[in-house]
Amino acid sequence: MTAGAASASLTRRSERAGGADRLPPVRILVIGGGAREHALCHALSRDTEVTALHCAPGNAGIAEVATVHPVDALDGAAVAALAGELAADLVVVGPEAPLVAGVADAVRAAGIPVFGPSAEAARLEGSKAFAKDVMAAAGVPTARSYVCTTAEQIDTALDAFGAPYVVKDDGLAAGKGVVVTEDRARAREHALACERVVIEEFLDGPEVSLFAVTDGTTVVPLQPAQDFKRAHDGDAGPNTGGMGAYSPLPWAEPGLVDEVRETVLEPTVAELRKRGTPFSGLLYAGLAVTSRGVRVIEFNARFGDPETQVVLARLRTPLSGLLYAAATGELAALPPLRWSEGAAVTVVIASEGYPAAPRTGDPITGLDAVAERDAPDAYVLHAGTRRGAGGEVLSAGGRVLSVTATGPDLAAARSRAYTAVGRIGLKGSHHRGDIARAAAEAAAGPA
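Because the structure is a prediction, the values reported are computed rather than measured.

Quick question: what am I supposed to make of the domain arrangement of the protein here?
In many reports, interface size means the accessible area that the parts give up when they come together. Domain parsing of the protein yields domain 1 (26-116), domain 2 (128-143 + 203-340), domain 3 (144-200) and domain 4 (341-446). Here the C-alpha centre of domain 4 lies 33 Å away from the C-alpha centre of domain 3.

How should the state of the cysteines be read in this particular structure?
Here, disulfide denotes a covalent bond that connects the sulfur atoms of two cysteines. Applying the stated criterion to the full structure yields zero disulfides. Cys55 carries a free sulfur, and the closest cysteine sulfur to it, the one in Cys41, is 4.2 Å from it. Not part of a disulfide, Cys194 finds its nearest cysteine sulfur in Cys148, a span of 10 Å.

Looking at this structure, I do not really get the pairing of strand E2 (residues 50-57). What am I missing?
Remark: a regular strand shows side chains that alternate across the two faces of the sheet. Of all the eight residues making up E2, six are buried; the element is thus mostly covered by neighbouring parts of the structure. Strand direction decides the pairing type here: strand E1 (residues 26-32) and E2, joined by seven bridges, are parallel. When the bridges of E2 are listed, Ile31 appears paired with Ala56. Once the chain exits E1 it traverses helix H2 (residues 35-45) before rejoining the sheet at E2, and the crossover so formed is right-handed. Across two bridges, E2 lies against strand E3 (residues 67-68) in parallel orientation. Note that in E3 the partner of His54 across the bridge is Thr67.

For this particular structure, what's the right way to read the packing of helix H8 (residues 151-161) against helix H9 (residues 184-192)?
Describing two packed helices takes the angle between their axes plus the distance from one axis to the other. One way to put it is that H8 packs onto H9 with a least axis distance of 10 Å and a crossing angle of 145°. Between H8 and H9 the crossing geometry is right-handed. For the pair H8 and H9, the contacting residues are Ala151, Ile154, Asp155, Leu158 and Asp159 in the first and Arg184, Ala187, Arg188, Ala191 and Leu192 in the second. The class makeup of the residues in the contact of H8 with H9 is six nonpolar, no polar and four charged.

So what exactly am I meant to see when it comes to the sheet that holds strand E17 (residues 293-300) here?
Backbone hydrogen bonds hold the strands of a sheet together, and the pairing may be parallel or antiparallel. Strands sit in the order E11-E10-E16-E17 across an open sheet of four strands; the sheet is antiparallel. Only two strands of the sheet have a single neighbouring strand rather than two, namely strand E11 (219-221) and E17. Geometrically, the sheet is characterised by an average inter-axis angle of 35° between neighbouring strands, direction not taken into account.

Before we go on, may I ask you to explain the sheet that holds strand E8 (residues 178-181) in this structure?
Strands sit in the order E6-E9-E7-E8 across an open sheet of four strands; the sheet is antiparallel. Here the strands that pair on one side only, and so sit at the sheet edges, are strand E6 (145-148) and E8. Averaged over all neighbouring strand pairs, the angle between strand axes comes to 20°, with direction disregarded. Across four bridges, strand E7 (residues 165-169) lies against E8 in antiparallel orientation. Following the sheet pairing, Tyr165 is matched in E8 by Thr181. Running at roughly 50° to strand E9 (residues 197-200), helix H7 (residues 128-138) makes contact with E6, E7 and E9 of the sheet. Lying on the sheet, H9 is in contact with E7, E8 and E9; it crosses E7 at an angle near 15°.

What counts, and at which threshold
Residues numbered from 1 in each chain as written. Predicted model: local features only at pLDDT ≥ 70, side-chain atom pairs only at ≥ 80, totals over all residues. Heavy atoms only, no water. Domains from an automatic or database assignment. Disulfide = S-S within 2.5 Å. Buried < 20%, exposed > 50% of the residue type's maximum accessible area, 1.4 Å probe, protein only. Helix = DSSP H or I, 4+ residues; strand = E, 2+ residues; numbered from the N terminus. Pairing = 2+ DSSP bridges. Right-handed = clockwise from strand over helix to strand, strands pointing away. Axes fitted to C-alpha atoms, helices over the stretch in contact; angles between N-to-C directions. Left-handed = near helix turned anticlockwise from the far one by under 90°. Contact = heavy atoms within 4.5 Å. Nonpolar A, V, L, I, M, F, W, Y, C, P; charged D, E, K, R; others polar.

Right under this line is the structure:
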């Protein structure tokens, strides 16, 4: 860190000592190029404390709110060099692969505050077996499991738990390394295709996604959300990276967040600190609210997609101050987070063939119509897009767009989201029509 940067950092620390949730002006670099990063950039672009917003490599939508730069997001030295060139006060690493590759370590070594865990701490997502070991040591409630590396071990584990079978690739799989099936042959096939696999008992009950920002000591939970993993309505079809989400959860018990903070999040952070690998950044707990209580399905080491879209849509505390406090060990001084009383819903538009063989390169229409007719209550966050030679927006991935809307309640947010979805054209695309439907109907009560 240069002398000027160090002085600026000390100034920020002293100005935050009074507990304000705002910062002096900051320059921020976001790493990544999906809808999660667009959601982060969207929130940061509306933050008056952010004077310069950059993203690398970004996408067609992010380029409208941030200056984008070409960079290999897995190259820690290149990311650190770019952050230095931009005089960034904070680097926010979005995706899991750069975290597991040690990008946050390289940025920290350059003396630049970074929001994101070290490579060692990111093993909490990078290895399901490591996460199970941490949970066992910390006394965190989770599913019983076996770690398998041979066909014999796989068969023993499948027989021990029975159907439905839950089989997880031990490594990163972009949200698609998990198979839950009644078909033993399919479960076994997936397990054998993994170099190392975790097979565990099936957890009943609804699933909840809960994010927590932590500086390695203090843990600040965000608002819970629920996502929809299956490709088609009614939770049919293959597993995906997520087809939509909503927040808040009107059916959740009022004390759920406090319970998870006390029994899951804080013990996990304490255990990693005890091991000498403190976790600083975003800890994501995927939970099942079972008949036997809350159980952890998995941990992620970064904001989840598409849950980030709805959670940040409801956050009223300036995002830059929250992330900077985590990156600099100052979360304990941050006032309680402020939230919108309303609701948010995100619907993902996926390309033809997703998730098996997504088609790309098709033009996307209707984006201007959403901006003109639906904003600010509904807006489009880009996931897999790029600009064509003529400036047109083209599909460039499986999950192409996240249409996010807010409203006074889930029914209103949902209606606005689907109205905006209806304005968008993408050949062969598909989306789920039931995102937040059951929760909105339950919240509305009997007709």
